[in-house]
Amino acid sequence: MEKIFEIQNLKCGGCAKTITSRLNDMSPISNVSINMVDHSVTFSYQNETDVSVVKEVLKKLGYPVVGDANAVKTRAKSYISCAIGRISD
C-alpha cells in the first residue's frame, strides 16, 4: 500500500535527504520519495501501524504532518535535521 503525507517545515534538499534516509532505514517502509513542490512524502507500507510510526518519526525529525501542531520547538528540530542532511553529503 502507498501513503502520501503533506508535511510542514520542508525547505530544501537537506530536509528531503534526512527524511528519505531515516524512512528508508525503517523496515518495512519502502519506496520513499519527497515532492518539494507539494511538500509531501510518499512511501509504501504494509499495515496501519507502519503509517503511525512514520508519522511519529516525521514529527520527531521536525516535519509534522499538515494539521498537526507545529510549535517553535518542532520548527527548530527541522532546522537541525536540515543541517544534518546537508552535512551528510
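Quick look at the structure, then. (Residues numbered from 1 in each chain as written. Predicted model: local features only at pLDDT ≥ 70, side-chain atom pairs only at ≥ 80, totals over all residues. Heavy atoms only, no water.)

1. What to know about the nonpolar core
Item 1. Counting residues in each nonpolar core, the largest one holds 21 residues, and the members touching the most others are F5 and L23.
Item 2. No other element matches helix α2 (residues 48-61), which puts five residues into this core.
Item 3. In this view, L23 contacts I29, V32, V41, V54, V57 and L58; residues no more than four positions away in its chain are not counted. (Core = buried A, V, L, I, M, F, W, Y, C linked by side-chain atoms within 4.5 Å. Buried < 20%, exposed > 50% of the residue type's maximum accessible area, 1.4 Å probe, protein only. Helix = DSSP H or I, 4+ residues; strand = E, 2+ residues; numbered from the N terminus. Contact = heavy atoms within 4.5 Å.)

2. Quick look at α2
A turn of α-helix holds 3.6 residues, and therefore any two residues three or four places apart point the same way.
Item 1. For α2, spanning 14 residues, the distance from its first C-alpha to its last is 20 Å, which sits close to the expected 20 Å at 1.5 Å a residue.
Item 2. Along α2, the residues that are buried comprise D50, V51, V54, V57, L58 and L61. Down the axis of α2, the sector holding all buried residues measures 125 degrees, keeping them to one side. In this structure, α2 carries E48, T49 and K60 as exposed residues pointing more than 90 degrees from its buried face.
Item 3. Among the structural elements, β1 (2-6), α1 (13-24), β3 (40-44) and α3 (72-87) are those in contact with the buried residues of α2. (Expected span 1.5 Å × (residues − 1). Arc of directions from axis to C-beta.)

3. Regarding the sheet that holds β3
Item 1. Taken together, three strands build an open sheet; the order of strands is β1-β3-β2 and the sheet is antiparallel. The open sheet is flanked by β1 and β2 (30-35), the only strands paired with a single partner. The sheet shows a mean angle of 15 degrees between the axes of neighbouring strands, taken without regard to direction.
Item 2. Packing against the sheet, α1 makes contact with β2 and β3, and its axis sits at approximately 165 degrees to β2.
Item 3. Docked against the sheet, α2 engages β1 and β3, running at close to 30 degrees with respect to β1. (Pairing = 2+ DSSP bridges. Axes fitted to C-alpha atoms, helices over the stretch in contact; angles between N-to-C directions.)

4. What about the packing of α2 against α3?
Geometrically, a packed helix pair is captured by the angle between its two axes and the distance between the axes.
Item 1. Running from N to C, α2 and α3 cross one another at 85 degrees; their axes reach a closest spacing of 7 Å. What the angle tells us is that α2 and α3 run roughly perpendicular. Contacts between α2 and α3 pair K59, K60 and L61 from the former with T74, K77, S78 and S81 from the latter.
Item 2. Considered class by class, the residues forming the contact of α2 with α3 number one nonpolar, three polar and three charged. (Parallel < 35°, antiparallel > 145°, perpendicular 65-115°, else oblique. Nonpolar A, V, L, I, M, F, W, Y, C, P; charged D, E, K, R; others polar.)

Functional significance is not addressed by these values, which are geometric in nature.
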